[in-house]
Amino acid sequence: MKKILFMISHPAHFHLFRYTILNLRQHGHELVIVIRPKDVLEQLCIDAGFSYIKVKDRPDKGGLIRLAFGLMEKVVEVMRIARKTKPDLLMGSDGVLAYVGSLLRIPSFVCDEDDAEATPLFAKLFYPFFTALIEPDCTSAGKWNKKKIGYPSYHELSYLHPHQFKPDKQVVAKYGIDPESPYFVIRFVKLSAHHDVGVHGISTEVAQRVIEMLKPYGRIYITSERPLEPSLEPYRIRISPLDMHHVMAFASLYIGDSQTMAAEAGVMGVPFVRLNDFVGRLSYLHELEVPTDYMPRSNGFVPTVDPHVPEEKHYCLGYGHKSADIEGFYQSVEKWLAMPNRTVVCHERMQRMLVEKIDLAQFLTWFIEHYPQSAEEAKGRDAHDPFWDAFR
């Protein structure tokens, strides 16, 4: 049996590791869960019955000196936990594990789905020190590609794969939402992390116009991390984070500036439109979306064709638009609204995607349990390699 230290710094990554943690616990492994109390992360752990160690919450933004001191403090804090608990392996989404693992000579792994070009600071600071990078096969790890262990799936399929998630209409109904009637979910995020600098999403003006477009077709519900203008407050709904995916699953359309929730909608077969300046910078979303001219480049983002994602590989479950492309964004909303059979079409596209992707929680469980042999076995496998059939 192994002892594994998981470090989770964002609510989305609670979902990412949730079923892997449950699998490993069921198999008798000892788990140490370290969290940074960001947003609803601590409450998610409490609701799931996870024991955890909480580290000090430190800002994601500020001057470089402030960020550097915060990083050093966190490294020291997590090192103390690791020395005390003596894990065999470090797994998580926090770059601190790279330094802790390197200093204490413990294998460390990051589960990332952002291209290195999209989060260059994170990549430069931490990628060199991780033992390996566990990422979707469509993403780019830049010059650290030799460290990448690619898999044919997405983070969202570690918790929304049909093996783990069954949408429940009763959960939706308890919020006063009729799952049998058309409704739309709009999501606003803060966009306040260090990698969000210069990134813009949906403004109040844009939201108001979208609401007018949606009104004739069904009910409208807004969930928001940021304060809303009084004109938008009547549409706000507060939903438990553990129930949000059930509400999303029965929606007629998702619209928002959160890339994670756009991907969640897509893998559940819910059509989506997202508006933020990460469009064209994240290959996994580029793969889920209708092809566009936006595409990642190490020297900037230029209109071209994405070589990481061949055209036939797109699942066409949603549209992505940069904040400057407001008219294109409105047109995409109108396209979905004008498609009477969009639910059937998106369900068929989702099924094609699921046939080609794996249950990520199953793979991560196997990878951890069989490390170090698993790293050698999984590395460099083509998406169509029969090796992946064991995790479908």
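Residues numbered from 1 in each chain as written. Predicted model: local features only at pLDDT ≥ 70, side-chain atom pairs only at ≥ 80, totals over all residues. Heavy atoms only, no water.

A. Just the packing of helix α7 (residues 204-214) against helix α11 (residues 326-337), in detail. Direction vectors running N to C along α7 and α11 enclose 20°, while the axes themselves pass 11 Å from each other. The angle between α7 and α11 falls in the class roughly parallel. Crossing angle aside, the handedness with which α7 passes α11 is right-handed. Touching Val 206, Arg 209, Val 210, Met 213 and Leu 214 of α7 are Ile 326, Glu 327, Phe 329, Tyr 330, Val 333, Glu 334 and Leu 337, all from α11. When its residues are assigned to classes, the contact of α7 with α11 shows nine nonpolar, no polar and three charged. (Axes fitted to C-alpha atoms, helices over the stretch in contact; angles between N-to-C directions. Helix = DSSP H or I, 4+ residues; strand = E, 2+ residues; numbered from the N terminus. Parallel < 35°, antiparallel > 145°, perpendicular 65-115°, else oblique. Left-handed = near helix turned anticlockwise from the far one by under 90°. Contact = heavy atoms within 4.5 Å. Nonpolar A, V, L, I, M, F, W, Y, C, P; charged D, E, K, R; others polar.)

B. Region of interest: the packing of aromatic side chains. According to the stated counting rule, one finds 24 aromatic pairs in the structure shown. Ring geometry for Phe 109 versus Tyr 371: centroids 4.9 Å apart, planes at 75°, classification edge-to-face. Of this pair, Phe 109 sits in strand β5 (residues 108-111) while Tyr 371 sits in the loop between α13 (360-369) and α14 (373-378), and the two are 262 residues apart along the sequence. Judged by its relative accessible area of 19%, Tyr 371 falls in the buried class. When the ring of Tyr 154 is compared with that of Tyr 284, the centres are 6.5 Å apart and the planes differ by 50°; the resulting orientation is tilted. Taken together, the residues span a long stretch of sequence, with Tyr 154 in the loop between β7 (148-151) and α6 (169-173) and Tyr 284 in helix α10 (residues 283-288) at a distance of 130 residues. Looking at Tyr 284, the relative accessible area reads 1%, which means it is buried. We note Arg 209 situated over the ring of Tyr 330; from NZ or CZ to the ring centre the distance is 3.8 Å. (Phe/Tyr/Trp six-rings, centres within 6.5 Å; stacked < 30°, edge-to-face > 60°. Buried < 20%, exposed > 50% of the residue type's maximum accessible area, 1.4 Å probe, protein only. Lys NZ or Arg CZ within 6 Å of the ring centre and 35° of its normal.)

C. Local environment of helix α3 (residues 64-85). With 22 residues, α3 extends 31 Å between its outermost C-alpha atoms, agreeing within 8% with the 32 Å of an ideal straight helix rising 1.5 Å per residue. All of the buried residues in α3 are Gly 70, Lys 74, Val 75, Val 78, Met 79, Ile 81, Ala 82 and Thr 85. The inward-facing, buried residues of α3 contact β1 (3-8), β2 (30-35), β3 (53-54) and α4 (96-104). Lys 86, located one to two residues past α3, shows a positive phi value of around 55°. (Expected span 1.5 Å × (residues − 1).)

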